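The residues making up each chain are set out below.
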Amino acid sequence: MSVPVTGRAAADAGESAWHAAWLPPAVFRALGSRGVLVHGDGPLVDTVIDEVSRACARYGGRLWHGPPWQVDADLVLALREAGPVPNAAAEAVRLGATPAVNGTGDGSLGDEGYLLARADGVTVVLADAPAGLLYGMFHVVRLGPAAFDDDLPARRHRPALDRRMLDHWDNVAVHPVSGQVERGYAGGSLFWRDGAARHEPARLRDYGRLLAACGVNAICVNNVNVHDTEARLLTDRLGDVAEIAEVLRPYGIRVHLSVTFAAPVVLGGLPTADPLDERVRAWWAAATRRVYQRIPDFGGYLVKADSEGRPGPFAYGRDHADGANLLAGALAPHGGVVRWRAFVYDHRQDWRDRSTDRARAAHDHFAPLDGRFADNVIVQVKFGPIDFQAREPVSPVLAAMPATRLAVEVQATQEYTGQQRHVCYLGPWWSEVLGFRPRGAAGGTIADVAAGRAGTGGGGLAAVANVGDDPFWTGHPLAQANLYAFGRLAWDPRLDPAAILDEWIDLTWVPVTAGDPDPVRRTMHAIMDDSWRTYERYTAPLGVGFMVRPGHHYGPDVDGYEYTPWGTYHFADRDGVGVDRTRATGTGFTGQYPPPWSEVYESRERCPDELLLFFHHVPYRHVLQDGRTVIQHIYDTHFAGVEEVAAMRERWRLLAGAVDPAVHDRVAERLDEQFRSAVEWRDQINTYFFRKSGVPDAHGRRIY
Ligand code: GCW
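Attention in this report is confined to the structure presented alongside it.

Cut-offs used in this document
Residues numbered from 1 in each chain as written. Predicted model: local features only at pLDDT ≥ 70, side-chain atom pairs only at ≥ 80, totals over all residues. Heavy atoms only, no water. Helix = DSSP H or I, 4+ residues; strand = E, 2+ residues; numbered from the N terminus. Expected span 1.5 Å × (residues − 1). Buried < 20%, exposed > 50% of the residue type's maximum accessible area, 1.4 Å probe, protein only. Contact = heavy atoms within 4.5 Å. Phe/Tyr/Trp six-rings, centres within 6.5 Å; stacked < 30°, edge-to-face > 60°. Lys NZ or Arg CZ within 6 Å of the ring centre and 35° of its normal. Salt bridge = Lys/Arg side-chain N within 4 Å of Asp/Glu carboxyl O. Pairing = 2+ DSSP bridges. Axes fitted to C-alpha atoms, helices over the stretch in contact; angles between N-to-C directions.

With that settled, the discussion passes to helix α3 (residues 43–59). Helix length check: α3, at 17 residues, gives a terminal C-alpha distance of 25 Å against a target of 24 Å (1.5 Å per residue), a fit within 8%. Among the residues making up α3, those that are buried are Leu44, Val45, Thr47, Val48, Ile49, Glu51, Val52, Ala55, Cys56 and Tyr59. For α3, the secondary structure elements touched by its buried residues are α2 (29–32), β2 (35–39), β3 (62–64), β4 (75–79), α5 (130–143) and α6 (201–214). Within two residues after α3, Gly60 carries a phi angle of roughly 85°, on the positive side.

Below you can see the structure in the form of C-alpha cells.
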C-alpha cells in the first residue's frame, strides 16, 4: 500500500513541534541525488547553497561552489553577472548561444526572474539577481524528476506582480476582544506572544522558506488595527522588527509595519498628527530614518486610517491623499512605500437610513482622489466592495483609479469562509477575481490593475495571512493550500487553481514508499476543487452576504446584522429579499462601474445569478437565469451543499491509513464540525425563508 505522509520539520530540526507543510525533505530527492553547481555569491545564494547541500547530504548528490571546478553537474544554478560558468552547457546558455533558448535567453530577467533550460544533459537556471536564483531553485524542486527530462522546454520566468505580500493581523499584546491574532484561526502568532516578541528564529526561518517557495516576497508583521503596544514597534520596539527582518531576509522577504496615523501624538508627544503640520512631517521623517538605520531593506508602512474607529486625516479636515502623502514623503528617500487601505466606510450607520450604502463607500472616498497620491503610495483595496465575503462583485475602485498604484487585498484567513474549520479552497475564487475584466472583454483584468503600468509597477496582491503557531501552520491542514495558492497566483495570476493544487499536493503529500499516490491526489481534488462553491451553497444565498453571527462571524444568524450599524443588510420581508443597488430605484452603486458592468448589474435579467441579491431586491418567485425561482434555488443549494460536505467527509474517511495519522485525525475532526455547521446553516436559512415566504419546497424536503 502507498503511505503518503506529510514530512516533519522535526526530521531536520530535532524536536520541532510543527509539521513541515510543503517542502518536506523528500521533495528534494530529485535535486539532492544529483551533481549541482552553484555559481555566484551573495546572501540569497547562500540560502540556495544551504538548501542544495542539505538535499545532497540526504540523497547522495554533490554540490560544487568554487574551484577546483572538475565538475560533472546535472544542474547548474548561476548568476549571469558572476561571469563565465565553469560548465560548457551552462555557459552556452548564458551566452544565449544554445538553440534551445534562442528568443528566451538574453531578455531581462529582472530582480526575481530566472531562465530555466535544459542543454546537453544539464538543467540550467540563470538569474540576474540572487532572488531569481532562489525562485529558480524552488521551481526545480517543484518539477521533481521532470526537471531533468531532456524535453524540458526553455523558458524565462518572471513574476507578473512585483509585490506579493502577506498581512498578518497579529497583535503583540493579547487584545481583550481580538486576541493574539485578530481573525486568527491557527493558534497564536509566529512573531509575538503575551506582549513580547517570541524570539523563535527556527520556526520563522521555516516560515520564510515556505513563503519563498510559493513566491511571497513581503510581509507585514502586525495588525492593521494598531493598539498601544503595537504602536511602539515603530520606535522603542523596533529591535523586534529588525530581528524578524533578519530571519526572513535570506528568503527574499521584506518586512513592513502597520503604523497608527496618530503616532506623532501617541509616541512623539506632539499636540497634533495633522498631515500638513511641519512638526508632524519632521517627526515622521526622523522616525522613518531610524527605521532604515536598523532595517536597510525595510518595505514600508501599512495604514488603516479613518476606518472602523482608527485615527486618520479626517480629524484635521484633511483627506486620504494628504494622509498617505505625508508618510510617503518620509519613506521616499529610503525607497519605501506606504500601503494605504481603502477599507473606509461608516460603521456607525443607522439601519433605518436607506440612503447610505456601505458598498459605495470606498469608491466615494477614493475615486475622486485619483492622481493625487505620491508615486510611492499604494492604495490597497479589498477585492470586493463589502468585506471578504464568499461572493461579492469585484470592487469598482479597482477600475476607477488609473493614475494610482493599486493593490488588491484578499483574505487567506477564513474569517467569512469557515474559519479554518471548513474546507474552503480559495484558489478558484481569487483566480476569478484576478481574471475579471472591469471594462468588459476588450479591457484588462484585475491582475493587470495590480501589475500596474510599465515602469511604475503596481501595488500587487496582498492577503491577510492564515498562519499561526498551530502544528499544522493553518489550523486546518488543508487550509495550507490557500497560503500556497496565494503566493503562486500572485506570481502568475493566470495559473489554473486546480494545477496549483496539484503542485501543493506533490510538494506536501509525499509517498514514503513506492506506490500509487493517486488515491491521495484524487481525494484531495474531490474534496477541495469545488469546496469554495460548496461553502457558498450552504451559506448566504445569491451574493447577499453576511448572515453570520455578529462579532466572531462563525455560523448562521440570518438577522444577526440586520438592525445593526454595520451596513450589511439583506432586507428580507414577506415578499422578497436582496439589496436594491440600482441607479433606477436603489442606492446607485451600479453607477460606480464602467460599462458594460454598470448596465449588466443594473438589469435584473442580465445580472449574474450568483450576484442577484447583491444588486437587486426581488420577489421569492423571481425566476433566475438558471430557470429556478429564487426561493427554490435557496432550498436546492442548501440541501446540495450539505450533501457535498457529507461526501467530503466520507472521502476523507477512506484515506485513513494512507496519510499521517495526526493529519488525518485533525482533518477528520474539522470535517465533523463542518458537517454540523453546514446542517445548521441549511436549516436556519431554509427555515427562515420558508417562514418569510410561505413557499414550500417543490421537492417536499424537511424544513422546520
Ligand atoms: O472585516 C473586518 C474584520 C476586522 C478587520 C477589518 C479590516 C483588522 O472583521 O477584524 O480588522 O475587516 O480589514 O480592517
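We now examine the packing of aromatic side chains. Applying the stated rule across the entire model yields 33 aromatic pairs. Ring geometry for Phe383 versus Trp429: centroids 5.3 Å apart, planes at 85°, classification edge-to-face. Of the two residues, Phe383 sits in the loop between β17 (377–382) and β18 (405–411) while Trp429 sits in helix α13 (residues 427–435), which places them 46 residues apart along the sequence. The exposure class assigned to Phe383 is buried, which follows from its relative accessible area of 3%. Pairwise contacts between aromatic rings join Phe436, Phe589, Tyr593, Trp597, Tyr601, Phe614 and Phe615 into one cluster. Directly above the ring of Tyr345 sits Arg358, whose terminal nitrogen or CZ lies 3.8 Å from the centroid. When the ring centre of Phe343 is taken as origin, the NZ or CZ atom of Lys382, which lies over that ring, is 3.2 Å away.

To continue, consider the pattern of salt bridges. If you walk through the whole model with that rule in mind, you get 54 salt bridges. Between Arg521 and Asp502 there is a salt bridge, and its shortest N-O distance comes to 2.5 Å. On the criterion of sequence distance, the pair formed by Arg521 in helix α17 (residues 518–528) and Asp502 in helix α16 (residues 497–508) is long-range, its members being 19 residues apart. Ionic contacts of the salt-bridge type, sharing partners, join the residues Arg391, Glu432, Asp530, Arg533, Glu536, Arg537 and Glu644 into one network.

In this section: the environment of Ala584. Residue position: Ala584 is located in the loop between β21 (576–577) and α19 (597–602). The class for Ala584 is exposed, based on a relative accessible area of 64%.

Once that is clear, we can look at helix α15 (residues 480–491). In a regular helix each residue adds 1.5 Å, so 12 residues correspond to 16 Å; α15 covers 17 Å between its end C-alpha atoms and thus fits that length. Of all 12 residues in α15, 12 are buried; the element is thus mostly enclosed. Residues Gln480, Ala481, Asn482, Leu483, Tyr484, Ala485, Phe486, Gly487, Arg488, Leu489, Ala490 and Trp491 constitute the buried set of α15.

A few words on the sheet that holds strand β6 (residues 122–127). Taking strand neighbours across the sheet as the criterion, the 6 strands line up as β3-β2-β4-β6-β5-β7 in an open arrangement whose pairing is mixed. Where the open sheet ends on each side, the last strands, each with one partner, are β3 and β7 (155–157). Neighbouring strand axes in the sheet, compared pairwise and without regard to direction, differ in orientation by 15° on average. Of the strand pairs in this sheet, β2 and β3 are connected by 3 bridges, and their pairing is parallel. The residue of β3 that forms the bridge with Leu37 is Trp64. With respect to the sheet, α5 is in contact with β4, β5 (114–119), β6 and β7, its orientation differing from that of β5 by roughly 50°.

Any functional reading would require information beyond the geometric quantities listed.
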